[in-house]
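# Coordinate analysis (summary)
Here is how the chains run, residue by residue.
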Amino acid sequence: MGVSKIVNRFVTAERALRTAAPDKLLDAVRRVLADEYAAESVDLLLADYGLTVLQPVSVLPHTEEPVSLHNSTAGRAFGAQEPFVESAKDGYTRVQLPVTVRGDRLGVLSVALPDGDVAPDVLGELADIAEVLGHEVVVAERDTDVYMQARRKDRLTLAAEMQWQLLPGRSCARPEFELGAQLEPAYAIYGDNFDWSATADRLMLYVTNGMGEGIEASLLTNLAINALRNARRAGIALPDQAALADQAVYAHYRGRSYLSVLMFDFELSTGRAKVVDAGSPQLLRLRDGVVERVTFEAQLPLGMFEETDYVTQEFQVEPGDRLVFVSDGVYEVASPLGEAYGDAALARAVTSTRLLSAAEVPRAILRELTGHRGQPAPEDDALVVCLDWRGR
């Protein structure tokens, strides 16, 4: 196939997606793939909040059956982050294409093409179109609820709705690092949270352990995270970010409620980091096959007392390191025999998931946690964040 035809088909698809109404992206990509590739069917499947199923995008009240993330070809493409071509069936070959934006895994584009081998150049074109679709979905979410509605297999509590809207994403990838994070229970979370922001030179990462339940917990976390973002976006250094957020929380709650947070400011070129440990989130490091808990000098949680001063500590991360951050809803969970998950089981889980990508690790550890707990329903938020450091 000529290069000009390939380019023209891609440009046609890109233009169709960029000019489509926010809620009509699926219709637009269906038309283009039918016209340019003779596609018989095209479906967009988005990962649900709990990362258990892929939900087909449809306009409510119409719904379609979800697809398992763990026992399906679409789930295989999502997990491997590679296109997957199914064997020909009923005259058509189905291609599963990951829909991912800068490392944030949104879902899968499923395309049925006329029977026959799918040429590598066609597969590459379709993968590029799926990537453009992902970018357009992220932009479209400012103006429509269609894609956010598709991500939920159950109704979110109001507190969970507020918390998910506060998050930057569930994963992020750059040449220097890869991040993945997950909250449980996904549809009824309270106050645990994570936040990150990267520039050309730095990565700032916050892991928050919330206090309380329901709306009150979510309001407290929203206040603290937005105070931290406000200070960060003003170019203020890490300890002063903590101090200003501390003042904002104390001014509102007067010490009745407070928030634990572990804050990192990484220098991408060297791996040197400044750290503020204001509370209870815990860090484990996997280096050269060995898991060890990393501790810092504990300082007061945000908002516990008026005008607390915070100081930074130094931390060095090396290429190949994996850092796993967990909230107390992970490391304090007891087994039926009374063993806390963080005593030994957590280290075993970090070791057993060492071959998974950073984006897959949090969900895998949370599945291990469910087995340790011995009951499906957790009594507290559980948060896992995984950072793989590659360096420069």
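Read on for a plain summary of the structure.

Here we take up the pairing of strand E9 (residues 193–198). Bridge count between E9 and strand E10 (residues 202–209): six bridges; the pairing is antiparallel. Directly across from Ala 198, in E10, lies its bridge partner Leu 203.

Within this structure, the stated rule accounts for nine aromatic pairs. Pairing Tyr 49 with Trp 164 gives two aromatic rings, centres 4.9 Å apart and planes at 45 degrees, and the pair type is tilted. Of the two residues, Tyr 49 sits in the loop between strand E1 (41–47) and strand E2 (53–56) while Trp 164 sits in helix H6 (residues 158–166), which places them 115 residues apart along the sequence. Owing to a relative accessible area of 6%, Tyr 49 belongs among the buried residues under this scheme.

Next up on the list: the pattern of salt bridges. In total, this model carries 19 salt bridges according to the counting rule given. The salt bridge partner of Arg 9 is Glu 125, with a shortest N-O separation of 3.2 Å. Remark: Glu 125 occurs in helix H4 (residues 120–140) and Arg 9 occurs in helix H1 (residues 3–19); sequence separation between them is 116 residues. Each of the salt bridges in this network shares a partner with another, and the network as a whole consists of Glu 14, Arg 18 and Glu 136.

With that settled, the discussion passes to H4. In this model H4 runs 30 Å from its N-terminal to its C-terminal C-alpha over 21 residues, within 8% of the 30 Å that 1.5 Å per residue would give. Residues of H4 that are buried include every one of Val 122, Glu 125, Leu 126, Ile 129, Ala 130, Val 132, Leu 133, Gly 134, Glu 136, Val 137 and Ala 140, and no others.

A word on the packing of helix H2 (residues 25–37) against H4. In the contact formed by H2 and H4, the axes pass within 11 Å of each other and the chain directions differ by 165 degrees. Judged by the angle between their axes, H2 and H4 are roughly antiparallel. Two packed elements cross with a definite hand, and for H2 against H4 that hand is right-handed. From H2, Leu 25, Val 29, Leu 33 and Tyr 37 reach across to H4, where they touch Val 122, Glu 125, Leu 126, Ile 129, Leu 133, Glu 136, Val 137 and Ala 140. Across the contact of H2 with H4, the residue classes break down as 10 nonpolar, no polar and two charged.

Glancing now at the sheet that holds strand E13 (residues 282–287). Read across the open sheet, the six strands follow the order E7-E8-E17-E16-E13-E14; overall the sheet is antiparallel. Of all the strands in the sheet, the pair left with one neighbour each is strand E7 (171–173) and strand E14 (290–294). Averaged over all pairs of adjacent strands, the angle between strand axes in this sheet comes to 15 degrees, irrespective of strand direction. Pairing between E13 and strand E16 (residues 322–326): five bridges, direction antiparallel. Among the inter-strand pairings, Gln 282 is bridged to a residue of E16, identified as Val 326. Sitting on the sheet, helix H10 (residues 345–352) touches E13, E14 and E16, and the angle it makes with E13 is about 40 degrees.

This part takes up the packing of H10 against helix H11 (residues 361–373). The geometry of H10 relative to H11 is characterised by a closest axis approach of 10 Å and an angle of 145 degrees between their N-to-C directions. For the crossing formed where H10 meets H11, the hand is right-handed. Contacts between H10 and H11 pair Ala 345, Leu 346, Ala 349, Val 350 and Ser 352 from the former with Ile 365, Glu 368 and His 372 from the latter. Its residues assigned to classes, the contact of H10 with H11 comprises five nonpolar, two polar and one charged.

What follows is about the pairing of strand E15 (residues 313–316). What you see with E15 is a clean split: Gln 313 and Phe 315 sit on the buried side and Glu 314 and Gln 316 on the side with no burial. Bridge count for strand E12 (residues 272–278) against E15 is four bridges, and the pairing is antiparallel. The residue bridging Val 275 from the neighbouring strand is Gln 313, located in E15.

All right, on to the sheet that holds strand E4 (residues 84–85) then. Spatially, six strands are ordered E3-E2-E1-E6-E5-E4 in an open sheet, and the strand pairing comes out antiparallel. Strands at the two margins of the open sheet, each flanked by one partner only, are strand E3 (67–68) and E4. Relative to strand E5 (residues 92–101), E4 is paired through two bridges, and the arrangement is antiparallel. When the sheet's bridge partners are listed, Phe 84 is paired in E5 with Gln 96. Where helix H3 (residues 73–80) meets the sheet, it contacts E1, E2, E3, E4, E5 and strand E6 (104–114), and its direction lies at approximately 135 degrees from that of E6.

As a rule of thumb, nonpolar side chains are buried together in soluble globular proteins. Grouped together as the largest cluster of nonpolar side chains are 36 residues, with contacts concentrated most on Leu 205, Phe 264, Phe 266, Phe 315, Phe 325 and Leu 387. Not counting chain neighbours up to four residues away, the residues in contact with Phe 264 comprise Leu 203, Met 204, Leu 205, Leu 238, Ala 273, Lys 274, Val 275, Leu 283, Phe 296, Phe 315 and Phe 325. Grouped together as the second largest cluster of nonpolar side chains are 35 residues, Ala 13, Leu 17, Leu 25 and Ala 39 included.

So, how was this worked out
Residues numbered from 1 in each chain as written. Predicted model: local features only at pLDDT ≥ 70, side-chain atom pairs only at ≥ 80, totals over all residues. Heavy atoms only, no water. Pairing = 2+ DSSP bridges. Helix = DSSP H or I, 4+ residues; strand = E, 2+ residues; numbered from the N terminus. Phe/Tyr/Trp six-rings, centres within 6.5 Å; stacked < 30°, edge-to-face > 60°. Buried < 20%, exposed > 50% of the residue type's maximum accessible area, 1.4 Å probe, protein only. Salt bridge = Lys/Arg side-chain N within 4 Å of Asp/Glu carboxyl O. Expected span 1.5 Å × (residues − 1). Axes fitted to C-alpha atoms, helices over the stretch in contact; angles between N-to-C directions. Parallel < 35°, antiparallel > 145°, perpendicular 65-115°, else oblique. Left-handed = near helix turned anticlockwise from the far one by under 90°. Contact = heavy atoms within 4.5 Å. Nonpolar A, V, L, I, M, F, W, Y, C, P; charged D, E, K, R; others polar. Core = buried A, V, L, I, M, F, W, Y, C linked by side-chain atoms within 4.5 Å.

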